[in-house]
Amino acid sequence: MNLYLRLLRFSYPYKTKLVLAMIFMALCSGAKSASAYLVKPVLDTIFFEKDMTKLYIMPGIVVLLFIAKGIFEYLQAYFIGYVGQRVVTDIRNLLFFNMQKQPLSFFDKTPTGSNISRVVNDVALVQSTVSDSVAAVLNDIFTIIGLIIVAFRMEWKLTLIAFIILPFSIYPIVSFGKRLRKIGLNIQQYLARLTSFLHETITGQRIVKAFSMEKYENNRFAGENERLFKLMMKRIRVRALSHPVMELIGGIAVAVIIWYGGYQVIIGKSTPGTLFSFMAALIMLYEPIKKLNKENHNVQQGLAAAERVFEVIDRQSEVAEKPGAGELGAVEGRITFEDVSFRYEDRMILSNINLSIEKNDVIAVVGKSGAGKTTLFNLIPRFYDATKGRIMVDGIDIRDVTLDSLRTSVALVTQDVILFNDTIRSNIAYGVEPDDNSLLEASRMAFAHDFILKLPKGYDTVVGEKGTRLSGGQKQRIAIARALYKNAPILILDEATSSLDAQSEIEVQKALENLMKGRTTIIIAHRLSTIINAHRIIVIDKGAIVQEGNHSELIEQDGPYKRLYELQFKEGARKKVIPLGKKRA
Ligand SMILES: Nc1ncnc2c1ncn2[C@@H]1O[C@H](COP(=O)(O)OP(=O)(O)OP(=O)(O)O)[C@@H](O)[C@H]1O
Ligand SMILES: [Mg+2]
C-alpha cells in the first residue's frame, strides 16, 4: 500500500492534469453507464408502448452518447498518459541521479548489468503500471461505480444479491495479485542477472574468444534463460488460473439473477425492460471487474519493479557530504593522514597510516602488488572513506568540505585507464571547459599530440567504448593529458606510465617533472626511473608504511626497499621494461 502511495505522490506536481484525467474518466464512465440505462426506455417505450416519436429520438441519443464517450475517452487517455509518462521520466531521472551519488563501494558490490537493468527493465515496468494500468484501474473503478448505480436504480434487491457475490470475486483478485507480485520480483531479479551476464560476456568477448569459452558461456546463458522461462511459466499458470475462476464467479452471479429476476417479471413485479437494463449493467460490469483482475496483475508486476527502483533511490550514500559542508577553496596541497585505517567489508586493508606530505612535494609510493597503494590514495578524493582516523588537505578534514570542491583539487590518472566513447577532445577536457590552447599543451606534454594528429579525425576521433580503438600506451597518454589539462594542485599518478615503452616513458617522465613543479604529486610506481627522483619514497607492505626516505637513504638501510631494489629495480633497470611487483604478483 505504501508503494502505491509513493508512486501516487510522484504525480503530485501534475495534479491539475491528473484531476482533468479523472474528470474525463468519470464522464466517460457516466456515458457508458448511461448506455446501460438506455436499455430500459428503449425496450419498454419502443417495444411495449410502441411510441413512434421516441423511436426517432432514441437513436439520436445513442449516437450523441457515443460521440461524447469518444471525446471523453480521448481526453482522459491523453491526460493520464501525460501524467504517467512524466512520473516515469521523473523516477528514471531520480534513479540515475541517485545512482551517480552512490560511492564506489556500491558499484563494487552491484554488477553493472544489474544497475543497467534497473534503469531500463524495472523502470519500463513501472512505466506500464503507472501510465497504463493506473489509468485502466481508475477507469474500471469509475465504470463499476456508474454501473452499480444503474443496477441499483433498476433492481436494488438483485444488486444486493450481486454484492453478496462480489467479495468472492475480490478475494481471488487479491490473492492472485499477491502471488504475481512475488513472481514479478523474482523475474525482475532474473532479468537483472541476465543483463549482468550479458554485459560481462559482451565486454569480455576478447577473453571469451581467447580461451575458446563460447560453448561454456552459451551453456551458462542457456541455463539462466531456462530459469527465466520457468519463472515466466509460473506467472502464466497463475494468470491462466485466475481467468476461469473469475468466469465461474460471473457465471454463478448470472444464474442467480436469471432465476430471481425472471421470477420477478413473471409474477409482474418488474418489467422485462428493467430486467434487461439490469442485465446489461451487470454484463457490462463484468467486463471492468475482469479487467481489474488483469490490470491488478500488471500493477503487481509494476510494484515489484518499483520496489527494486526505490531500493536504489532510498539508498543513502556512505560517502556523503555533511550538511552545510564548506568549500575547500584554493588549495596549497598539504596532505596529512592521521592514523588512517581502512577496510573493505571485513577485510582490513590499511592500518594506522600516518603520513604528511608538504605542498609541492613529490612522493613515490612502492610496494608489492596488493599492498594497498591504490586503496590508500583512493581515500584522498573520497572514493572511499577511511574506516578510522582522518585525512586532511591544508589542515582541513576532507569530510568537512563539499565533494565537488575536494575533487576539483585532485587530478588523477587511474591504474586502469577509463575513457568514454567520445572524441579525444572531450575525453581530455572531461569535466572542464574545452580550451584549444591548453588542450594542445596538455596533450603535447603527455606525448599524445603526435599520435592524435595521425588518427583519422585527429582530436575529433571517437575512441570507442573504454577507448578500445587506441593502444594501451595511447590510452594512458590520453589519461595523462586529461590529468594535466585539469591543472589541479594535487596530482595522483597510479602507475600512469606502466604501458609506455622505455623511450616514451622517459619523455613523459620529463614532461611530468615540469608539471610536478608547483603541485603536490603522488606517484605510485613500479619502475626505478620514476622513483629515484622523488623527494621521498614510501614503502607500503600489507597496508602499513614500513619505510620512508629518499632513494640514497633507503638503499643504505637493510630493509624492504633494499630487497625490492635488488630483486626488481636493478633487473628492471637493466631490461628497462619489467615492472616491479608485477612479477611477484
Ligand atoms: N573494491 C575492492 N573491494 C574489496 N577489496 C578490494 C577492492 N579493491 C582492492 N581490494 C583489496 O585491497 C587490497 C589492496 O589493493 P590495492 O589495489 O590497494 O593494491 P595495490 O597496492 O594498488 O596493488 P597493485 O600494485 O597491484 O596495484 C588487495 O588485497 C585487494 O584484494
Ligand atoms: Mg594499485
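Residues numbered from 1 in each chain as written. Chains lettered and ligands numbered in written order. Predicted model: local features only at pLDDT ≥ 70, side-chain atom pairs only at ≥ 80, totals over all residues. Heavy atoms only, no water.

Asks: What's the story with the packing of helix H2 (residues 15-48) against helix H9 (residues 272-313) in this structure? I'm lost.
Replies: The angle between the axes and the distance between the axes are what describe a pair of packed helices. Where H2 contacts H9, the axes come no closer than 8 Å and their chain directions differ by 155°. One way to sum up the angle between H2 and H9 is to call them roughly antiparallel. Two packed elements cross with a definite hand, and for H2 against H9 that hand is right-handed. Residues Lys32, Ser35, Ala36, Tyr37, Val39, Lys40, Leu43, Asp44 and Phe48 of H2 form the contact with H9, whose own contacting residues are Pro272, Gly273, Thr274, Phe276, Ser277, Ala280, Ala281 and Met284. (Axes fitted to C-alpha atoms, helices over the stretch in contact; angles between N-to-C directions. Helix = DSSP H or I, 4+ residues; strand = E, 2+ residues; numbered from the N terminus. Parallel < 35°, antiparallel > 145°, perpendicular 65-115°, else oblique. Left-handed = near helix turned anticlockwise from the far one by under 90°. Contact = heavy atoms within 4.5 Å.)

Asks: I would appreciate a short explanation of the sheet that holds strand E9 (residues 536-541) in the present structure.
Replies: The strands making up a sheet associate through backbone hydrogen bonding, with each pair oriented either parallel or antiparallel. The strand order across the open sheet formed by six strands is E6-E7-E8-E3-E9-E10, and the pairing between neighbours is mixed. Single-partner strands in this sheet number two, and they are strand E6 (410-413) and strand E10 (544-549). Averaged over all pairs of adjacent strands, the angle between strand axes in this sheet comes to 20°, irrespective of strand direction. Note: strand E3 (residues 362-367) against strand E8 (residues 520-524), four bridges, orientation parallel. Looking at the pairing, alanine 364 lines up with isoleucine 523 of E8. (Pairing = 2+ DSSP bridges.)

Asks: Sorry if this is basic, but what is going on with helix H5 (residues 112-154) here?
Replies: The α-helix advances 3.6 residues per turn, and as a result positions three or four apart in sequence lie on the same side. With 43 residues, H5 ought to run about 63 Å at 1.5 Å a step, and its terminal C-alpha atoms sit 60 Å apart, in line with that. Of all bends in H5, the biggest is about 35°, found at arginine 118. (Expected span 1.5 Å × (residues − 1). Bend = angle between axes of the 7 residues up to and from the residue.)

Asks: So what exactly am I meant to see when it comes to the site of ligand 1 here?
Replies: As a structural note, the neighbourhood of ligand 1 is formed by 16 residues, with Ser369, Lys373, Thr374, Thr375 and Gln415 the closest of them. Within the side chain of serine 369, an N or O atom sits 2.6 Å from an oxygen atom of ligand 1. Separating an oxygen atom of ligand 1 from a side-chain N or O atom of glutamine 415 is a distance of 2.6 Å. Bound to the protein, ligand 1 loses 72% of the 640 Å² it would expose on its own. Residue assignment for the shell around ligand 1 shows that the elements contributing at least two residues are strand E2 (347-357) and helix H10 (373-378). Of all the elements, H10 adds the most residues to the shell around ligand 1, at three residues. Among the residues making up the shell around ligand 1, the classes are represented as four nonpolar, seven polar and five charged. (Near = heavy atom within 4 Å. Polar contact = N/O pair within 3.5 Å; in protein donor to acceptor, adjacent residues only side chain to side chain. Areas by Shrake-Rupley, 256 points an atom, 1.4 Å probe, with all protein chains shown as cover. Nonpolar A, V, L, I, M, F, W, Y, C, P; charged D, E, K, R; others polar.)

Asks: Looking at this structure, I do not really get the coordination of the magnesium ion (ligand 2). What am I missing?
Replies: Six octahedrally arranged donors around a metal ideally form angles of 90 or 180 degrees; four tetrahedrally arranged donors ideally form angles of 109.5 degrees. Distances from the magnesium ion (ligand 2) to its protein donors, namely Thr374 (OG1) and Gln415 (OE1), fall within the range 1.9 to 2.3 Å. Residue threonine 374 is located in helix H10, and its partner glutamine 415 is located in the loop between E6 and helix H12 (424-428); the two are separated by 41 residues in the primary sequence. Classification of glutamine 415 by relative accessible area gives partly exposed; the value is 33%. (Donors = N, O, S within 2.8 Å, 3.2 Å for Na, K, Ca; no water. Buried < 20%, exposed > 50% of the residue type's maximum accessible area, 1.4 Å probe, protein only.)

Asks: Could you clarify how one ought to interpret the environment of serine 270 in this entry?
Replies: Structurally, serine 270 can be placed in the loop between helix H8 (214-266) and H9. Given a relative accessible area of 12%, serine 270 falls into the buried group. Residues serine 270 and glutamate 433 lie 163 residues apart in sequence; the distance between their C-alpha atoms is 82 Å. Excluding anything up to four places from it in sequence, serine 270 contacts Glu155, Gln264, Val265 and Leu275.

Asks: Got a minute to help me understand the nonpolar core in this structure?
Replies: The tendency in soluble globular proteins is for nonpolar side chains to be buried side by side. Formed by 56 residues in total, the largest nonpolar core has its most connected members in Leu7, Ile91, Leu95 and Val126. For this core, the secondary-structure elements that each account for two or more residues are helix H1 (2-9), H2, helix H3 (52-101), H5, helix H6 (156-203), H8 and H9. Tallying contributions element by element places H9 first for this core, with 16 residues. What valine 126 contacts, discounting residues up to four positions off in sequence, is Leu7, Val88, Ile91, Gly302, Ala305, Ala306 and Val309. (Core = buried A, V, L, I, M, F, W, Y, C linked by side-chain atoms within 4.5 Å.)

Asks: Sorry if this is basic, but what is going on with the environment of leucine 228 here?
Replies: Among the secondary structure elements, leucine 228 is positioned in helix H8. Classification of leucine 228 as buried rests on a relative accessible area of 9%. Spatially, the C-alpha atom of leucine 228 lies 7.7 Å from that of leucine 191, the residues being 37 residues apart in sequence. Non-local contacts of leucine 228, meaning those with residues more than four positions away in its chain, are made with Ile187, Tyr190, Leu191 and Leu194.

Asks: Honestly, the sheet that holds E2 in this entry has me stumped. Any pointers?
Replies: In spatial order, the strands read E2-E1-E4-E5; together these four strands make up an open sheet with antiparallel pairing. In this open sheet, the two edge strands, each paired with only one partner strand, are E2 and strand E5 (396-397). Inspection of the sheet shows strand E1 (residues 335-344) paired to E2 by seven bridges, in the antiparallel sense. Across the sheet, residue phenylalanine 342 finds its bridge partner in E2, namely leucine 350.

Asks: What should I look at first to understand the side chain of serine 33 in this one?
Replies: Tracing the backbone shows serine 33 in helix H2. In this structure serine 33 touches Thr143, Gly146, Leu147 and Val150, once residues within four positions along its chain are discounted.

Asks: For this particular structure, what's the right way to read a positive patch on the surface?
Replies: Residues Arg179, Lys182, Lys234 and Arg237 make up a contiguous surface patch of positive charge. Those elements that provide at least two residues to the positive patch are H6 and H8. Tracing the sequence through the fold places arginine 179 in helix H6. (Patch = residues over 30% accessible without salt bridge, like charges linked within 9 Å, V, L, I, M, F, W, Y side chains within 5 Å. Salt bridge = Lys/Arg side-chain N within 4 Å of Asp/Glu carboxyl O. Lys, Arg positive; Asp, Glu negative; His and termini not counted. Charge placed at Lys NZ, Arg CZ, Asp CG, Glu CD.)

Asks: Is there a simple way to think about the packing of aromatic side chains in this case?
Replies: For any pair of aromatic rings, the description consists of the separation of the ring centres together with the inter-plane angle of the planes. For the coordinates displayed, the defined rule picks out twelve aromatic pairs. For the ring pair tyrosine 78 and phenylalanine 79, a centre distance of 5.2 Å and an interplane angle of 75° mean the geometry is edge-to-face. The buried category is assigned to phenylalanine 79, whose relative accessible area is 13%. Centroid distance phenylalanine 106 to phenylalanine 107: 5.0 Å. Interplanar angle 85°. Geometry classified as edge-to-face. Overall, the relative accessible area of 5% leaves phenylalanine 106 in the buried class. Judged by its relative accessible area of 35%, phenylalanine 107 falls in the partly exposed class. Among the aromatic side chains, those forming a connected cluster through ring pairs are Phe24, Phe72, Tyr78 and Phe79. Against the face of tyrosine 190 rests arginine 193, its NZ or CZ located 4.8 Å from the ring centre. (Phe/Tyr/Trp six-rings, centres within 6.5 Å; stacked < 30°, edge-to-face > 60°. Lys NZ or Arg CZ within 6 Å of the ring centre and 35° of its normal.)

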